[in-house]
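# Structure at a glance
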2 protein chains.
Amino acid sequence: MKIDIFAHIFPKSYFDKMVKVAPGGKDMHKRVRNVPSIVDLDERFRIMDRFDEYVQVICLGSPPIEVFGPPSISREMAKLANDGMAELVRKHRDRFPGFIASLPMNDPEGLLAEAERAIKELGAVGVQVFTNVLGRPLTRPETMPLFDLMAKLDRPVWIHPARGADFPDYKEEPKSHYEIWWTFGWPYETSVAMAHLVFSGLFDKYPEIKIITHHLGGMIPYFEGRVG
Amino acid sequence: MKIDIFAHIFPKSYFDKMVKVAPGGKDMHKRVRNVPSIVDLDERFRIMDRFDEYVQVICLGSPPIEVFGPPSISREMAKLANDGMAELVRKHRDRFPGFIASLPMNDPEGLLAEAERAIKELGAVGVQVFTNVLGRPLTRPETMPLFDLMAKLDRPVWIHPARGADFPDYKEEPKSHYEIWWTFGWPYETSVAMAHLVFSGLFDKYPEIKIITHHLGGMIPYFEGRVG
């Protein structure tokens, strides 16, 4: 059996709310929301049926929900997403053996509460975070307690890159060109986040903690000699 | 025979001037200028002698000379560097079969004149540029004529990464942490520069032009599937 453990989806109720809250999606968000199978289950199942013994552990696609607004909005969006994904798993367990929770990362207390609720009450297999929280590292004091919680619960943290065209390729330019912000920028950003986690001392504190990074771990596997 | 085609050196006269012009080197510049063999020939030869049949095509180390000051300064520094490297090649041809010229990249006319002088009069095997010119891409109208010239002369352009700790890891932070600016930032910056050259149409205009990039081509060989 092939288990895709990083398959993006938008539950219908979340998708509808997202389009209302952020009608003008940009960068990857604009692209992702226009992929029919991201929300249309018939279309998704039609594609999935082309592969034998294939199931998906589902999670939201870009963007991180904290970009939609202040904590009151992102808390509501996270709840909607997690309830929606839990329902998809309940209804289609043969397709979706599990889901990864989304969190309001701009709300230090809310994110912990939602992580506990999603895992303990809804059965989430872990949580998904992005490589930055509104342009800041995951290792800030506001968000580090999430890693303490995930170590305690022994559930993985999935890390997805997040970077838009407004992150310039060059210091003196206002924006990125030629899609570099995601082609190279995403694996770079993943590597940056991984390095920050390592140097924060996370793995000394929790040697057993499980972190799952997108795109084969970004640059790390290929630049291993340069890291050490 | 092993030919190292990207071996950094500071000719003594250039080194002495550099230390006067920029007494407070920072980031990689600070480190490079403190490596004894970068300027001390006895020390360099002692190390080189440990390897059989080993020679070096020499070029300057970081930083790009345009960081030292306005065109009047960088023109003078480039001339000093190239005259110095040419002399090293003349005196130690068994060690240094050739040198790669440095250019005042902040001086659109001066850089072309120095490239021609270094190649035609001093015998430089090519020119070295860095991945950005004072924070801007190599593909700007002020610097693209260098590639026209190098295609015409059929000599390679060596590209070295340049990025300091002041290029932040995250959009909302002022600086890079944990040495990320060079461990991952340098191969990333090399990839960014390579992509800009490709999308500028350079290789459509000059399919035969030779570009030599540091560190095995940055991320490109490993992310080839993502590029196409």
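Placed above this text is the structure.
Just so you know, these numbers come straight off a predicted model, no measurement behind them. (Residues numbered from 1 in each chain as written. Chains lettered and ligands numbered in written order. Predicted model: local features only at pLDDT ≥ 70, side-chain atom pairs only at ≥ 80, totals over all residues. Heavy atoms only, no water.)

### Digging into the interface of chain B and chain A
Listed per partner, the contact involves 41 residues of chain B and 41 residues of chain A. Summed over both partners, the interface of chain B with chain A buries about 3900 Å², with 68% contributed by carbon and sulfur atoms. Of all residues in chain B, B:Tyr170, B:Phe184 and B:Arg226 give up the largest surface area on contact with chain A, accounting jointly for 22% of the area buried on that side. Linking chain B with chain A are nine residue pairs in polar contact (both at pLDDT 80 or more), by the criterion used here. Every element with two or more residues in the side of chain B that touches chain A is listed here: α7 (180-183), α8 (185-199) and α10 (224-227) of chain B. When residues in the side of chain B that touches chain A are grouped by element, the largest group, eleven residues, is from α8(B). Split into classes, the residues belonging to the side of chain B that touches chain A amount to 21 nonpolar, eleven polar and nine charged. (Contact = heavy atoms within 4.5 Å. Buried area = accessible area lost by both parts, 1.4 Å probe. Polar contact = N/O pair within 3.5 Å; in protein donor to acceptor, adjacent residues only side chain to side chain. Helix = DSSP H or I, 4+ residues; strand = E, 2+ residues; numbered from the N terminus. Nonpolar A, V, L, I, M, F, W, Y, C, P; charged D, E, K, R; others polar.)

### Digging into the relation of the copies chain B and chain A
Here chain B sits on chain A after a turn of 180° about the axis and a move of 0.0 Å along it, with an RMSD of 0.0 Å. This pairing of chains is accounted for by a two-fold axis. In this assembly, 100% of the residues forming the interface of chain B have copies in chain A that are likewise at the interface, indicating an isologous arrangement. (Least-squares fit on C-alpha atoms with pLDDT ≥ 70 in both.)

### Considerations on the environment of B:Ala81
Residues and elements named next belong to chain B. Its place among the elements puts Ala81 in helix α4 (residues 71-91). For the pair Ala81 and Tyr14, spaced 67 residues apart in the sequence, the C-alpha separation amounts to 5.5 Å. Those residues in contact with Ala81 that lie beyond four places of it in its chain are Pro11, Tyr14 and Leu60.

### Some words on the side chain of B:Ser102
Residue and element names in this part refer to chain B. By secondary structure assignment, the location of Ser102 is in strand β3 (residues 98-102). On the basis of relative accessibility, which here comes to 4%, the residue Ser102 falls in the buried class. With near-sequence residues (within four places) excluded, Ser102 lies in contact with Leu60, Ile65, Ala78, Asn82, Met85, Glu114 and Gln128. (Buried < 20%, exposed > 50% of the residue type's maximum accessible area, 1.4 Å probe, protein only.)

### A closer look at the sheet that holds strand β5 (residues 157-160) of chain B
Residues and elements named next belong to chain B. A sheet is described by the order of its strands in space; here six strands give the open sequence β1-β2-β3-β4-β5-β6, paired in parallel fashion. Where the open sheet ends on each side, the last strands, each with one partner, are β1 (2-8) and β6 (211-213). Between one strand axis and the next, the sheet turns through 30° on average, direction left out of account. Relative to β6, β5 is paired through three bridges, and the arrangement is parallel. Pairing of Val157 across the sheet is with Ile211, part of β6. Most of the contacts of helix α3 (residues 41-48) go to strand β2 (residues 54-59), to which it runs at about 140°, and overall it touches β1 and β2. Against the sheet, α4 makes contact with β2 and β3, and its axis sits at roughly 180° relative to β3, the strand it touches most. (Pairing = 2+ DSSP bridges. Axes fitted to C-alpha atoms, helices over the stretch in contact; angles between N-to-C directions.)

### Considering the packing of helix α1 (residues 12-21) of chain A against helix α4 (residues 71-91) of chain A
All names here are of chain A. The geometry of α1 relative to α4 is characterised by a closest axis approach of 9 Å and an angle of 155° between their N-to-C directions. Taken together, the axes of α1 and α4 are roughly antiparallel relative to one another. Of the two possible hands of crossing, α1 and α4 adopt the one that is left-handed. Contacts between α1 and α4 involve Ser13, Tyr14, Lys17, Met18 and Val21 from the former and Ile73, Glu76, Met77, Leu80 and Ala81 from the latter. Grouping the constituent residues of the contact of α1 with α4 by class yields seven nonpolar, one polar and two charged. (Parallel < 35°, antiparallel > 145°, perpendicular 65-115°, else oblique. Left-handed = near helix turned anticlockwise from the far one by under 90°.)

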